[in-house]
Amino acid sequence: MFEQYDVIVVGAGHAGAEAAAAAANLGSTVLLITFNMNAIAQMSCNPAMGGIAKGQIVREIDALGGYSGLVTDKTMIQFRMLNKSKGPAMWSPRAQSDRMLFSAEWRNVLEQIPKLDFWQDMVVGLIVKDNRIVGVHTSMGQEIKGRSVILTNGTFLNGKIHIGKKQFGGGRIGDPASKGLTEQLVNLGFVSDRMKTGTPVRVDGRSIDFSKMEEQKGDEIPGNFSFLKQSRLIKQRSCWITYTSPVVHDILKLGFEDSPMFAGRIEGIGPRYCPSIEDKIERFSDKNRHQLFVEPEGWNTIEYYVNGFSSSLSDHIQLKALQKIAGFENAKIFRPGYAIEYDFFHPTQLKYSLETKKIEGLYFAGQINGTTGYEEAAAQGLMAGINAHQKINEKPDFVLKRHESYIGVLIDDLITKGVDEPYRMFTSRAEYRILLRQDNADIRLTPKAFELGLVSKERYEMAIVKDEKVQKVIKYLQRESISPQEINVKLIEQNTTGLKQKVKMSSLLLRPQLGIDLLIESKPELSKFIEEIDADKDTLEEVEILIKYEGYILKESEMVAKHTKLENIPLKKDLSYHNMQALSMEAREKLSNIRPETIGQASRINGVSPADVNVLVVLTGR
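Predicted model, so just to flag it, every value in this text is computed and none were measured.

Draft legend 1. Structural context of the overall build of the protein. Assigned secondary structure in the protein consists of 21 helices and 23 strands. Referenced to the eigenvectors of the C-alpha coordinate spread, the extents of the protein come out at roughly 80 × 70 × 55 Å. A total of 622 residues make up the protein; the buried ones form 58% of that total. Relative to all contacts within the protein whose residues are 6 or more apart in sequence, the contacts with residues 24 or more apart total 72%. A total of about 26400 Å² of accessible surface is found on the protein, and carbon and sulfur atoms cover 49% of it. One way to put it: in the protein the 80 positive side-chain charges average out to a point 2 Å from where the 79 negative ones average out.

Given below as C-alpha cells:
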C-alpha cells in the first residue's frame, strides 16, 4: 500500500507539523502519521504562541521558512509585545490564538505541500536493521518503510492522566496514550525517564463576571510574527486578570490529601517555571495571592482558559476553590484541570542534528527530548526535518550555533547539559541575547534558509534589502547633523537638555528619552530620505536599536569571536576519556557519556571545569 518514504514523521503536534513541512519543502517524500487528523498542531494547553524568549524562537522559525509564525498571524485574536519597558534584547512577541482555527490552518498549510502524505494510525514499533532505522509498524498492522524516522510523540508515550485519586491512560484528555515505543527504545539501549505537566480548568465564559477583573488589552498597534508582509489585526479580544486569595488557598489545601503529586502517585518531574496551583501555594506559602490570566479560546467560543490555575486536584476541589476567586463566583466549568505524566528520553543521547547516536536515521524532536512548550517543540521539529532531509541526500548537517539563534541555544543546552526538569527557554539562557533579538531574526537566518533551499529567492532578497536599508539610514544619521533651532523645543518637551550647537543625528539617538520618530518630525530632509528608500517601521526600529546599543553589540560580537575558537576545535569520536588521567573523574565520566563534538561543547558540560578544558586543548595539539 505504501511506497518507501524518505522521511516518516510520527506525531502531528507542533514538532511533527514543522518537521514534515520542512522535509517535504526541501524535496523529500514525507509521510506524517497521526492517530487524529483533526488535532494537527493542537494547542493542548494554553491558546497562545510566543512570550519571553519563546517569541524570539517563533520569529526564528519564520525566518528559516517554518510556518508557526504565519499560522499564528492568521489565527491570532490578540497581540502584545512583552517587555517593551526593558532593552530590545528582552522584547518578546506574544499572541493569543483561536485554538480551533490554529489547528485547522496548520492542516490547511500541510495539505498544500505536494510531497507530503498523511496516514491516520498509531505507530507501535520501529523497524531497525544493523543499528539503522528502516521503517515503522502501526497499530493497524501496516509496515511502512522509511529512510529516516522522526519521533515527535509529545506527552503520549505511556501517558497517564491524574485528577485527584483518579488516574487513567491518555496522551491528553480524550486521546489514547502510545504504548510499546518506549519499551522497544529502552531495549535498544536508550535511557528514558518520566516527566509531568498539567493544565487548568476550562470555564464557561457566560458564567464569568468580568467586571470584577482587570482588563488586559492587546497592543494599540498590533504586530506580527512573520516577516512576510501581512495585514495586521483590526480588532482584538481582551484577556483578563484576577487573583487567588488565602480563602482559595485554604480550600485547595483540603484536597492535598488526595493530591497525586503530594501522595506520590506522580513520579514524573514537573516544570519549575509553570507549576500547578497546589505546588505554588506549597512552595510559596508566604504569598497571599497568585495572579491568574483569563484567556479566551477563540473568536466565537465562550470557553476560557485560566492561565496560572493548573491543577491535578479532585475536580470538586478545583471548582470549589475557583468559585472563591473574584469574577468566578458563579463559574461553570467545561472540564477540570489535570496532570499528565509521560516518558521522555534524555537528550544527551542526540547529536546536534537531533539524530540519535545509537540508531542511524532516527531523530527525536519536541517533548520526547524533555522540553515544554509549543515553540521549543516546533523549533526542534523544524531542525529535525531539515537534517533528516540533509542526511538522506548526503549533505552536511544543518546546525545553528549559540551565537546565531535561540534555536542554537536550545539544542546545545539539551544535548550538552541534558535536562532534570521540563526545559523552557528564557532570554537568560542566551549569553549573546543582544545579538539574538526578535527584530533581526530574518537578517540572521533567512540567508541560511535560502542556501538550504527552504525559502524563495524573493524572501531572501526581502531580508537583504531590509538590511541594506538599515545600513543606509544609519550612515545618513551618522553623516548628517541637526541644529538647536530644529530640535530644541522637542528636546525640552522630552525633559532632556537642549543643544548648544549642531550635532550628528546618531549621537542624539543615544539619549534614552529620544527615538527616531522625533528626528523625523524635526528634520524634513530625513523624512524625505526615508521616504525615498521606502524604509518601513520595522526598518526604522532596527536602526534605532543598532545605534542605541552599538557598544553592547560590539562587546558581544567580540565575545563571540573569542569563544568561536573553542567551537572550531573538533574532538574525535573515539577518544578514550577514561584513560586521560589529567582530567577529573567527573569530567571523564561526563565526556565519555555525552561525547562532545568540539571543545566548545565540552566546556559547557556540567562537571567539566576550565582546567579540564585546558587539558583537552593541550591533548588536541593546540
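Draft legend 2. Layout of the sheet that holds strand β8 (residues 132–138). Spatially, β7-β8-β9 is the arrangement adopted by the three strands of the open sheet, whose pairing is antiparallel. The open sheet has two free edges, formed respectively by β7 (123–129) and β9 (143–145), since each of these has just one partner strand. When the angles between neighbouring strand axes are averaged without regard to direction, this sheet yields 30 degrees. In the sheet, β8 pairs with β9 via three bridges, with the strands oriented antiparallel. Following the sheet pairing, Val-136 is matched in β9 by Ile-144.

Draft legend 3. Quick look at the sheet that holds strand β20 (residues 338–345). Here we have four strands laid out as an open sheet, ordered β12-β11-β20-β13, and antiparallel in their pairing. Each edge of the open sheet is held by one strand with a lone partner, namely β12 (166–169) and β13 (192–199). Adjacent strand axes in the sheet meet at a mean angle of 25 degrees, parallel and antiparallel pairs treated alike. Relative to β12, strand β11 (residues 160–163) is paired through four bridges, and the arrangement is antiparallel. If you follow Lys-160 over to β12, its bridge partner there is Gly-169.

Scoring rules and cut-offs
Residues numbered from 1 in each chain as written. Predicted model: local features only at pLDDT ≥ 70, side-chain atom pairs only at ≥ 80, totals over all residues. Heavy atoms only, no water. Helix = DSSP H or I, 4+ residues; strand = E, 2+ residues; numbered from the N terminus. Buried < 20%, exposed > 50% of the residue type's maximum accessible area, 1.4 Å probe, protein only. Contact = heavy atoms within 4.5 Å. Areas by Shrake-Rupley, 256 points an atom, 1.4 Å probe, with all protein chains shown as cover. Lys, Arg positive; Asp, Glu negative; His and termini not counted. Charge placed at Lys NZ, Arg CZ, Asp CG, Glu CD. Pairing = 2+ DSSP bridges. Axes fitted to C-alpha atoms, helices over the stretch in contact; angles between N-to-C directions.

Purely geometric stuff here, so don't read any function into it on its own.
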